[in-house]
Amino acid sequence: MGYNIHLRFPAGISTQPVVCNLTRKFDLDFNISKAQISSGREGYLILEILGQKDVVEQAKKYLEEQGILVSDVAQRIFRDENICVECGFCTTICPTNALYMDKEHHLQFDTTKCVVCTRCVKVCPINAMKADIESVNE
């Protein structure tokens, strides 16, 4: 099973092989969905980690022990249902099908599939899709 997480690296850690250690120490596979390292060497990654939930939790604890801030991607993107008109623009650009129309033509958002590409935020004509400030500024 895949778990999407957001990692924020302080300066100095971005040059360490901590993400590679997810494979070495925990026998987990991962996909990097998005990454950025600043000139000061701080950085962030959005990872999909593939493995059993208990092993993924151990790996997240390991990352935190290395000084990396770990949060679930589901906390990064949200839909304001009070203003969303369910136009479906976001569904056409979502690369993981986290946003989709159900059988009754209502917009659904499966946050477990979201990789925080922020495409939905950029195309939403009424700004119903939002990213927290930290993700938008990265």
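Here the structure is a predicted model, which means the values were calculated and not measured.

## Observations regarding the overall build of the protein
Regarding its fold elements, the protein presents 5 helices and 8 strands. The order of α-helices and β-strands along the protein, N terminus first, is β-α-β-β-α-β-β-α-β-β-α-β-α. Contacts spanning at least 24 positions in sequence make up 65% of the contacts within the protein whose residues lie at least 6 apart. Of the roughly 8,000 Å² of accessible surface on the protein, a fraction of 50% belongs to carbon and sulfur atoms. The protein carries 15 positive and 18 negative side-chain charges, and their two centres are separated by 5 Å.

## Some points on the environment of Cys120
As for its position among the elements, Cys120 is in helix α4 (residues 119-123). The exposure class assigned to Cys120 is buried, which follows from its relative accessible area of 8%. Sequence separation between Cys120 and Ile93 is 27 residues, and the spatial gap between their C-alpha atoms is 6.8 Å. Look past the residues within four positions of Cys120 in its chain and what remains in contact with it is Ile77, Cys90, Ile93, Leu99 and Met129.

## Some remarks on the environment of Gly12
One can find Gly12 in the loop between β1 (2-9) and α1 (20-26). Since its relative accessible area comes to 44%, Gly12 is described here as partly exposed.

## A look at helix α2 (residues 53-65)
Spanning 13 residues, α2 covers 18 Å between terminal C-alpha atoms, matching the ideal 18 Å at 1.5 Å per step. Those residues of α2 that sit buried are Val56, Ala59, Lys60, Tyr62 and Leu63. The arc enclosing the buried residues of α2, seen along the axis, measures out at 155°, which places them on a common side. Residues Asp54, Lys61 and Glu65 are exposed on α2 and point more than 90 degrees away from its buried face. For α2, the secondary structure elements touched by its buried residues are β1, α1, β3 (43-50) and β4 (69-72). The first or second residue beyond α2 is Gly67, which carries a positive phi of 95°.

Reading guide: rules and limits
- Residues numbered from 1 in each chain as written.
- Predicted model: local features only at pLDDT ≥ 70, side-chain atom pairs only at ≥ 80, totals over all residues.
- Heavy atoms only, no water.
- Helix = DSSP H or I, 4+ residues; strand = E, 2+ residues; numbered from the N terminus.
- Contact = heavy atoms within 4.5 Å.
- Areas by Shrake-Rupley, 256 points an atom, 1.4 Å probe, with all protein chains shown as cover.
- Lys, Arg positive; Asp, Glu negative; His and termini not counted.
- Charge placed at Lys NZ, Arg CZ, Asp CG, Glu CD.
- Buried < 20%, exposed > 50% of the residue type's maximum accessible area, 1.4 Å probe, protein only.
- Expected span 1.5 Å × (residues − 1).
- Arc of directions from axis to C-beta.

Any link to function would need more than the numbers given here.
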